[in-house]
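The primary structure of each chain is shown beneath.
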Amino acid sequence: MSSKKQPARVLTGIKPTGVPHLGNYIGAIRPAIGESLRDDRETFYFLADYHALVSCRDPEKIQDWTHTIAATWLALGLDVERAVFYRQSDIPEIPALTWLLSCVTAKGLMNRAHAYKAAVQDNLQAGADEPDRGVNMGLYTYPILMAADILMFNPHAVPVGKDQVQHIEMARDIAGCFNHAFGKHFVLPEALVDENTAVLRGLDGRKMSKSYGNTIPLFCSEKKLRQHVMKIVTNSLEPGEPKDPDSCTLFQIFLAFVEDEAERAAKRQQYEQGAAWGLLKQELFEILNASLSAPRAEYERLMADPGFMESVLRKGAERAREHATPFLEQLHQAVGLRALV
Ligand code: TRP
């Protein structure tokens with residue numbers, strides 16, 4: 001009999017804070033959906049709504065963003081029969097595990113977290129009398145909740161952006177402390193940072209990011225999409241003057257959506273022959289619109305049917321808890337939270 005390898009387990013969390021943009025799609029959603037289609041992968045993807053509470057006290061927004069992100073992933077082709085897709089707050093084992101982990105995590109480790117240090121730094125710079133001003137305990141212990149998200153399912157790999165790598169290292173540290181104290185219960189997860197995934201540039205040419213306000217929303221109306229593309233900053237070269245595709249934001253976005261080598265070469269040639277910016281923008285808009293219009297329609301359908309989205313998330317939670325419930329029980333036993341007889 002051939003020895004069939006166990007599929008590698010991959011897990012990642014998506015914080016529902018804001019409306020997804022093209023950069024999220026190219027940098028995170030599309031590669032994650034690609035992973036979920038591989039037979040040698042077992043994928044766990046979840047909406048990190050507990051994490052969203054750290055920075056948002058508007059209940060309607062939390063609910064709406066959760067709906068939006070879930071609908072976005074489904075509309076873009078996530079197959080929820082393959083991937084286990086769930087909402088963090090539907091898994092009560094996660095906050096329970098957070099506590100077990102908190103009790104083996106050094107406070108000093110949290111002092112070193114980038115997000116916390118940045119908040120303190122901002123306060124010091126602003127001359128605040130209290131370095132921890134505005135820092136809630138959710139922000140401070142964010143890495144422990146994140147470690148619980150991960151360790152609950154013992155994944156091998158956690159695909160994340162560079163900004164999250166420190167959190168994965170902390171999850172490894174915390175797992176190591178727990179294993180040392182109570183036996184080897186946790187796999188040490190690896191951060192998976194895909195260097196090949198394009199970091200999409202935004203309207204102003206910097207990395208497309210909500211914090212720069214330079215994004216193109218994924219599922220806005222066709223008219224809005226066109227307006228956004230028209231706003232992408234180019235230079236002042238006139239029609240007829242040769243243009244450099246490699247330094248051009250339009251071309252970079254084009255490459256993210258068009259794989260065909262012949263089409264890519266033809267587009268390069270258009271640049272070299274001095275096509276007008278207006279034409280290049282119009283053509284980019286058409287390409288984006290052609291690949292987004294079917295998912296956009298599906299997204300709109302899912303946004304109009306919260307009952308269906310809710311049932312999808314609940315089914316995902318049930319599947320996730322098939323792992324989480326017995327595993328938490330095992331951990332309770334290990335730390336001594338046991339029946340007396
Ligand atoms: N902190 C991540 C972010 O801000 C989201 C997240 C929460 C996450 N829990 C996770 C990512 C667990 C990977 C694994 O993007």
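Placed above this text is the structure.
Calculation rules
Residues numbered from 1 in each chain as written. Predicted model: local features only at pLDDT ≥ 70, side-chain atom pairs only at ≥ 80, totals over all residues. Heavy atoms only, no water. Helix = DSSP H or I, 4+ residues; strand = E, 2+ residues; numbered from the N terminus. Expected span 1.5 Å × (residues − 1). Bend = angle between axes of the 7 residues up to and from the residue. Near = heavy atom within 4 Å. Polar contact = N/O pair within 3.5 Å; in protein donor to acceptor, adjacent residues only side chain to side chain. Areas by Shrake-Rupley, 256 points an atom, 1.4 Å probe, with all protein chains shown as cover. Nonpolar A, V, L, I, M, F, W, Y, C, P; charged D, E, K, R; others polar. Buried < 20%, exposed > 50% of the residue type's maximum accessible area, 1.4 Å probe, protein only. Pairing = 2+ DSSP bridges. Right-handed = clockwise from strand over helix to strand, strands pointing away. Arc of directions from axis to C-beta. Contact = heavy atoms within 4.5 Å. Core = buried A, V, L, I, M, F, W, Y, C linked by side-chain atoms within 4.5 Å. Axes fitted to C-alpha atoms, helices over the stretch in contact; angles between N-to-C directions. Parallel < 35°, antiparallel > 145°, perpendicular 65-115°, else oblique. Left-handed = near helix turned anticlockwise from the far one by under 90°. Lys, Arg positive; Asp, Glu negative; His and termini not counted. Salt bridge = Lys/Arg side-chain N within 4 Å of Asp/Glu carboxyl O.

1. Quick notes on helix α14 (residues 306-335)
With 30 residues, α14 ought to run about 44 Å at 1.5 Å a step, and its terminal C-alpha atoms sit 40 Å apart, in line with that. Taking the largest bend as the criterion, α14 deviates by roughly 40 degrees, centred on R321. Positioned one or two residues after α14, G336 has a phi angle of 105 degrees, which is positive.

2. As for the site of the ligand
Close contacts around the ligand come from 14 residues, with H51, Y142, M146, D149 and Q164 the closest. Here Y142 contributes a side-chain N or O atom positioned 2.7 Å from a nitrogen atom of the ligand. In isolation the ligand offers 370 Å² of accessible surface; the protein chains occlude 88% of this area. Contributions of two or more residues to the shell around the ligand are made by β1 (8-14) and α8 (142-151). In the shell around the ligand, the residues fall into eight nonpolar, four polar and two charged.

3. Quick notes on the pairing of β1
Judged by how many residues are buried, β1 sits mostly within the fold: five of seven residues are covered. Here β1 pairs with strand β2 (residues 41-47) via seven bridges, running parallel. Note on β2: the bridge partner recorded for I14 is L47. Crossover handedness for the path β1 to helix α1 (residues 22-36) to β2: right-handed.

4. What about helix α4 (residues 93-102)?
For an α-helix the count is 3.6 residues per turn, leaving residues at separations of three or four pointing the same way. Among all positions in α4, only E93, I94, L97, T98, L100 and L101 are buried. Seen from one end, α4 has its buried residues packed into an arc of 165 degrees, which puts them on one side. Structurally, α4 contributes buried residues whose contacts are with α8, α9 (165-182) and α14.

5. Side note on the nonpolar core
Membership of the largest hydrophobic core comes to 50 residues, with the highest contact counts inside it found for L22, W73 and I253. Elements supplying a minimum of two residues to this core: α1, β2, α3 (59-75), α10 (222-230), α11 (249-257), α13 (277-303) and α14. Per-element accounting of this core gives the leading share, eight residues, to α13. Apart from residues lying up to four places away in sequence, I253 is in contact with L22, L200, R201, I216, I232, L284 and L288. The next biggest cluster of nonpolar side chains, apart from the first, holds 46 residues, and it includes L97, Y142, F186 and A320.

6. Here's the deal with the side chain of N214
With respect to the secondary-structure elements, N214 resides in the loop between β5 (190-192) and α10. Exposure remark for N214: the relative accessible area of 1% places this residue in the buried category. At a separation of 2.9 Å, a polar atom in the side chain of N214 contacts the main-chain amide nitrogen of S209. If we ignore the near neighbours within four places in the chain, the residues touching N214 are G202, L203, D204, R206, K207, M208 and S209.

7. Some words on the packing of α11 against α13
It is the contact of α11 with α13, at a shortest axis distance of 10 Å, that shows an interaxial angle of 25 degrees. Relative to α13, the element α11 lies roughly parallel. In this structure, α11 crosses over α13, and the sense of that crossing is left-handed. Residue-level inspection shows L250, I253, F254 and F257 of α11 in contact with α13, the latter providing W277, L280, K281, L284, I287, L288 and S291. Across the contact of α11 with α13, the residue classes tally to nine nonpolar, one polar and one charged.

8. A look at the side chain of R296
Tracing the sequence through the fold places R296 in helix α13. For the buried R296, which has no salt bridge, the nearest side chain bearing the opposite charge is E222, at an N-O separation of 4.2 Å. Residues in contact with R296, not counting those within four places in the same chain, are F219, C220, E222, L225 and N289.

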